[in-house]
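# Inside the fold
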Amino acid sequence: MSIRVGVTDGNQEFFERFHTAMKEQYKDEIEVYLFPTLSKALKAVDRFRVRVVLLEPDRLSPSDLPAEGLPKTAYFARLADRKQTEKDWQNRPESIGEDPFEAIPILCRFRSVAEWHDLIVKEASELPGFEDKAIVQSAGGAQPGKKSDCRVVLFTSAAGGTGTSTAARGFVECCQRHNRHVLFLDLQTFPDQPASTEDGLYTLEDVLLSIRGRRYAPDAVLERTLKSDEEGLMTIPPPRNPAVLFDMTGEEIVTIVDLIKESHKCSIIVLDLSFDATERIVLPLLAADCAVVVSNGSWIANRKTAQLADVLPALCTEDPIELYEKICLLYNRFRRGKSEVLQSELFVKLGGIGELSVPDPEDLIAELAVAPAMERLYRRLTKQGG
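Worth saying up front: this structure is predicted, and the values here are computed from it rather than measured. (Residues numbered from 1 in each chain as written. Predicted model: local features only at pLDDT ≥ 70, side-chain atom pairs only at ≥ 80, totals over all residues. Heavy atoms only, no water.)

### Some details on the overall build of the chain
Along its length, the chain carries 15 helices and 13 strands. In the chain, which comprises 386 residues, the proportion classed as buried is 48%. A fraction of 73% describes how many contacts in the chain between residues 6 or more apart in sequence connect residues 24 or more apart. Accessible surface for the chain amounts to roughly 19100 Å². Of this, 49% is attributable to carbon and sulfur atoms. (Helix = DSSP H or I, 4+ residues; strand = E, 2+ residues; numbered from the N terminus. Buried < 20%, exposed > 50% of the residue type's maximum accessible area, 1.4 Å probe, protein only. Contact = heavy atoms within 4.5 Å. Areas by Shrake-Rupley, 256 points an atom, 1.4 Å probe, with all protein chains shown as cover.)

See below:
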C-alpha cells in the first residue's frame, strides 16, 4: 500500500514538479494527489486514507478547519518559500495565538526529492494504524544502484578569485586520464561571447525554459544540448543571455543534473557553482556525492571559508556529520596565496597544490590534473564503485 500525499491547490508548478519526481523515483511508495481546497483534502483523508497533506498558503481559509481540529490520522504541514520561515516556526513560543493555522507545522518546499521522500515516510510511519508495506527501496530513499550510476562532484568557494573554476577543469582532465566519460557544467563563468546557434544546437537557456514552461520535454531538449569536444569532454553550451546563469534556482540546477544522469551519457558530472547569498547552492550541495571547497590561502578567502563552514549545517541539514563527510577542503597555491590555510578539522583536507609558475591556462590545467590532491579526490569520489 502506497503512502498517499495530498497537495492543496495554489502553486501548480510546485505540484507538477513534486508529482513528477515522486512518480519517477518512488511510484511504488508514494502517490500524490491535488485537491482544490483543504476541505476536499480532509474528505480524502477520511475516505481514501490520505496520510500526508501539504497545504499551500494561497486560499487557505479558517472556515475550512473542522471545529474539532484536524484529524490525527494524517500529517498536515504548510508550505513556505524560505527555509527561515520553517526555522521561525520551529523556534516559536509554545503558546499558540489567535491564528488558527499557527499549530500546523511549516515546511520549506525547496527540499531534494530524497529529503521529501524520507520526511513523508517518517511522518506517515508515526501515524496510528500505519503499516510499512511500501518501503521496498534502499535506505535514504534512493533507488538501488541509481547513485552509483553517475557521480557528481561540486566545486565551490565562499570567496572569489580562489581558482575554483581552474581546479574544476583540472579535475575534469584528471577523470579523463582515467578514461571516464565526464560532463563539465560551469554555472558561474560569464562566456566571452554568446553561444552560437549554428547547427540548431540548444543551450543551457533552452533546457531551463523547457523545465519552467513544460511546453517541451526537458530530456528531449537536453539531448540536443549536450556537446562533446574532440577529447570526449561533454558540456552544455552557455546561455545566449549570460544573466540566465544567475537566475537559476537550486531546484532547477538539481533537476538539470538529474536529467543529465538519466541520459546515461557520462559517469562523472563536475559542477562549478559559487556560494552566494541566494542560498541556491544548498540543494546542489546536498545532491552531490562530493563537494570541494577551494581556498587559495589568502586571509579573506580563509575567513569566508570559515564562515561557510559555520553556515552550511544550518542551511542544509540537522545532522552535520553526513554533510562534513562529503565536503573536502582543497588548498591551492597556483594563485600565489601566502597566508595560512584554514585551520579547521571539519572538512576532509585533500592537501595542497604546489605553487606553479605556468603562464598558459591550458598548461596549468594539465599540471593540476596530475596533482596528488586531484588523485586523492578521484579515489574518494569513486571508492564506492561510482
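### Side note on the packing of helix H1 (residues 12-26) against helix H4 (residues 113-125)
Where H1 contacts H4, the two axes come as close as 10 Å, and the packing angle between them is 80°. Viewed along their axes, H1 and H4 adopt a mutual orientation that is roughly perpendicular. Of the residues in H4, those touching H1 at Phe 14, Phe 18, Ala 21, Met 22, Gln 25 and Tyr 26 are Val 113, Ala 114, Trp 116, His 117 and Ile 120. Partitioning the contact of H1 with H4 into residue classes produces nine nonpolar, two polar and no charged. (Axes fitted to C-alpha atoms, helices over the stretch in contact; angles between N-to-C directions. Parallel < 35°, antiparallel > 145°, perpendicular 65-115°, else oblique. Nonpolar A, V, L, I, M, F, W, Y, C, P; charged D, E, K, R; others polar.)

### What to know about the sheet that holds strand E2 (residues 30-35)
Sheet architecture is open: five strands sit in the order E2-E1-E3-E4-E5, paired in parallel fashion. Two strands close off the open sheet at either side, each with one partner strand: E2 and strand E5 (106-108). Across this sheet, the average inter-strand angle for adjacent strands is 30°, counted without regard to direction. As judged from the three bridges shared by strand E4 (residues 75-80) and E5, these two strands associate in the parallel manner. Across the sheet, Ala 80 pairs through a bridge with Cys 108, a residue of E5. Sitting on the sheet, helix H2 (residues 38-48) touches strand E1 (3-8), E2, strand E3 (50-55) and E4, and the angle it makes with E3 is about 170°. (Pairing = 2+ DSSP bridges.)

### Description of the packing of aromatic side chains
Geometry of an aromatic ring pair is reported as the spacing of the ring centres plus the angle between the planes. Evaluation of the coordinates by the stated rule reveals four aromatic pairs. Taking 5.5 Å as the distance between ring centres and 85° as the angle between the ring planes, the aromatic pair formed by Phe 18 and Trp 116 counts as edge-to-face. Residue Phe 18 is located in helix H1, and its partner Trp 116 is located in helix H4; the two are separated by 98 residues in the primary sequence. Trp 116 shares its class with Phe 18; the two are buried. Seen from the ring of Tyr 202, Arg 224 lies directly overhead, with NZ or CZ sitting 4.4 Å from the centre. (Phe/Tyr/Trp six-rings, centres within 6.5 Å; stacked < 30°, edge-to-face > 60°. Lys NZ or Arg CZ within 6 Å of the ring centre and 35° of its normal.)

### Notes on the pattern of salt bridges
According to the stated counting rule, one finds 14 salt bridges in the structure shown. The salt bridge partner of Arg 109 is Asp 81, with a shortest N-O separation of 2.6 Å. Here Arg 109, found in the loop between E5 and H4, pairs with Asp 81, found in the loop between E4 and helix H3 (83-90); they are 28 residues apart in sequence, far enough to count as distant. Taking relative accessible area as the criterion, Arg 109 reaches 6% and is therefore assigned buried. (Salt bridge = Lys/Arg side-chain N within 4 Å of Asp/Glu carboxyl O.)

### Considering the environment of Pro 237
As for its placement among the helices and strands, Pro 237 is situated in the loop between strand E9 (234-235) and helix H9 (244-247). For Pro 237, a relative accessible area of 10% puts it in the buried group. For Pro 237 and Leu 226, which are eleven residues apart along the polypeptide, the C-alpha to C-alpha distance reads 7.7 Å.

### A look at the nonpolar core
Formed by 44 residues in total, the largest nonpolar core has its most connected members in Leu 187 and Ile 260. Residue contacts for Ile 260: discarding those within four places in its chain leaves Leu 183, Leu 185, Leu 222, Ile 236, Cys 266 and Ile 269. Core analysis: the next-biggest nonpolar cluster, separate from the first, contains 26 residues, Val 270, Val 292, Cys 328 and Leu 381 among them. (Core = buried A, V, L, I, M, F, W, Y, C linked by side-chain atoms within 4.5 Å.)

### Concerning the environment of Glu 102
Inspection of the secondary structure puts Glu 102 in the loop between H3 and E5. Between the C-alpha atoms of Glu 102 and Arg 78, which are 24 residues apart in sequence, the distance is 9.7 Å.

### With respect to the packing of helix H7 (residues 204-213) against helix H10 (residues 250-263)
Put simply, H7 and H10 touch, their axes get as near as 11 Å, and they point 105° apart. By the angle class used here, H7 and H10 are roughly perpendicular. Residue-level contacts link Leu 204, Val 207, Leu 208, Ile 211 and Arg 212 of H7 to Glu 252, Thr 255, Ile 256 and Leu 259 of H10.

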